[in-house]
Amino acid sequence: MTHNPVRPWRNIDRRKSRQIRVGNVLIGGDAPISVQTMTNTLTTDAKATIEQIQRSAAAGADIVRVSTPDVESTRALKQIVAESPVPIVADIHFHYKRAIEAAEAGAACLRINPGNIGNAAKVAEVVKAARDHGCSIRIGVNAGSLEKHLLDKYGEPCPDAMVESGLDHIKLLQDNDFHEFKISVKASDVFMAAAAYQQLATVTDAPIHLGITEAGGLMSGTVKSAIGLGSLLWFGIGDTIRVSLSADPVEEVKVGFEILKSLGLRTRGVQIISCPSCARQGFDVIKTVEKLEKRLEHIKTPISLSIIGCVVNGPGEALMTDIGFTGGGAGNGMVYMAGKQSHRMSNDQMVDHIVELVEQKAAALDAADKAAE
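Everything numeric in this text was worked out from a predicted model, so none of it was measured. (Residues numbered from 1 in each chain as written. Predicted model: local features only at pLDDT ≥ 70, side-chain atom pairs only at ≥ 80, totals over all residues. Heavy atoms only, no water.)

**Observations regarding the sheet that holds strand β9 (residues 209–210)**
Read from one edge to the other, the open sheet built from eight strands follows the order β8-β7-β6-β5-β4-β3-β10-β9, with strand pairing classed as parallel. Each of the sheet's edge strands pairs with one partner strand only, and the pair in question is β8 (181–186) and β9. Pairing of strand β6 (residues 109–112) with strand β7 (residues 136–142), which is carried by four bridges, proceeds in the parallel orientation. Bridge pairing in β7 links cysteine 109 to serine 136. (Pairing = 2+ DSSP bridges. Helix = DSSP H or I, 4+ residues; strand = E, 2+ residues; numbered from the N terminus.)

**Points about a nonpolar patch on the surface**
Residues Met219, Val223 and Ile227 make up a contiguous nonpolar surface patch of about 320 Å² in total accessible area. Relative to the elements of secondary structure, methionine 219 occurs in helix α8 (residues 218–234). Residue methionine 219 is classed as exposed on the basis of its relative accessible area, which comes to 65%. (Patch = residues over 30% accessible without salt bridge, like charges linked within 9 Å, V, L, I, M, F, W, Y side chains within 5 Å. Areas by Shrake-Rupley, 256 points an atom, 1.4 Å probe, with all protein chains shown as cover. Salt bridge = Lys/Arg side-chain N within 4 Å of Asp/Glu carboxyl O. Buried < 20%, exposed > 50% of the residue type's maximum accessible area, 1.4 Å probe, protein only.)

**Points about the side chain of threonine 74**
Along the polypeptide, threonine 74 turns up in helix α2 (residues 71–83). Setting aside chain neighbours within four positions, we find threonine 74 in contact with Thr68, Arg98, Glu101, Ala102 and Ala105. (Contact = heavy atoms within 4.5 Å.)

**With respect to the pattern of salt bridges**
Where side chains of opposite charge bring their charged atoms close, a pairing between them can arise. One pass over the full model with this rule turns up 18 salt bridges. A salt bridge links glutamate 258 to lysine 261, with the shortest nitrogen-to-oxygen separation between them at 3.0 Å. Of the two residues, glutamate 258 and lysine 261 are both situated in helix α9 (residues 249–262); the distance of three residues between them amounts to about one turn of the helix. Across the pair arginine 295 and aspartate 352 runs a salt bridge, and its minimum N-O distance is 2.5 Å. On the criterion of sequence distance, the pair formed by arginine 295 in helix α10 (residues 285–295) and aspartate 352 in helix α12 (residues 350–372) is long-range, its members being 57 residues apart. The network of salt bridges with common partners includes Arg14, Arg15 and Asp239.

**Some details on the pairing of β8**
Counting buried positions along β8 yields six of six residues, so the element is predominantly enclosed. Side chains Phe181, Ile183 and Val185 project from β8 onto one buried face, and the interleaved Lys182, Ser184 and Lys186 project onto a second face that is buried too. Where β7 meets β8, six bridges bridge the pair, whose relative direction is parallel. Opposite arginine 138, over in β8, you have lysine 182 as the bridge partner.

**A closer look at unusual backbone geometry**
Phi angles above zero are rare outside glycine, and aspartate 177 is one such case at about 55°. Relative to the elements of secondary structure, aspartate 177 occurs in the loop between α6 (159–175) and β8. With relative accessibility at 55%, the residue aspartate 177 sits in the exposed group. Of note in the backbone geometry, serine 277 takes a positive phi value of approximately 80° without being a glycine. Mapping serine 277 onto the fold places it in the loop between β11 (270–274) and α10.

**What to know about the packing of α6 against helix α7 (residues 190–201)**
It is the contact of α6 with α7, at a shortest axis distance of 8 Å, that shows an interaxial angle of 45°. One element, α6, and the other, α7, form an angle in the oblique class. Once α6 is placed against α7, the crossing between them reads as right-handed. Judged by residue contacts, Pro159, Asp160, Met162 and Val163 of α6 engage Met192, Ala195, Ala196, Gln199 and Leu200 from α7. In terms of residue class, the contact of α6 with α7 is built from seven nonpolar, one polar and one charged. (Axes fitted to C-alpha atoms, helices over the stretch in contact; angles between N-to-C directions. Parallel < 35°, antiparallel > 145°, perpendicular 65-115°, else oblique. Left-handed = near helix turned anticlockwise from the far one by under 90°. Nonpolar A, V, L, I, M, F, W, Y, C, P; charged D, E, K, R; others polar.)

Written out as structure tokens, the structure reads:
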């Protein structure tokens, strides 16, 4: 729960779920909502896959999923796991033996799809491998690959069918006395996914992995994911998220953190509040923000920064941010520190100056945190 007694309309009461572990990352309970992504390289190309995992981790990914469609992929997984800075989830479809091989290779979690993993006996073998090697499991229900008997029963993919699929698979794991699992019920349709997740949240205490599957390209997929994941997170549902984009996995991580930051659920790096610009702007807001976003990517410490083109909203926004810059006249603007006017700065030097101020603020906050420890 985020608790804000001054502004109670910002409070989010998170659904109470039990906690599991994916490698060294805690999922559920009171753990921070984690951000995941998935590689899109050939897993057999271990070097390319490791490089992509490392870039994703540098962007903030807590967990990375890797597809293991064949024996060659699970064989490469051992090297990938050994060189990964974050826990690896092995993505399993169709053949339960890939799950066993992935567990043996060191995967921290096995993602299995109830629609194609096989019968109860095969699931029992997967559970044994997971238990023997300290893996957790994600039950990954997908509207596009539901079991035939559920499609026959309901006539089409729908929230009821997705939740029933998930509960059936939960029972299989529990029948094998296995409880280290999380669950997702993904669809590319925002309405279907949101309805399924809301229903699921009421019938299990398992940690919930959120996602709008096959959401689309960078722009359209970001919008769909923000609507679907944002609305569920706002109502307290979700313990870990993955934004599915037809884009570089690093972009998925960035969007995931922006969604969490917008709801005050988790912060990482600089949150820039900027205006869309208009004829009143005292400097080129759009180009300035583009430059600042690029030059501040290395900052991991949570800091708020307002970049506003004129004095209509600039001073008010600066009151709520750590550092602010508001456009004025005669080629300069006002710098704000902790909501108060600090000094004037010329427009042509303001980017370098703001980067310096943010870096100094980050260093001071990091030092304070270290001292408090």
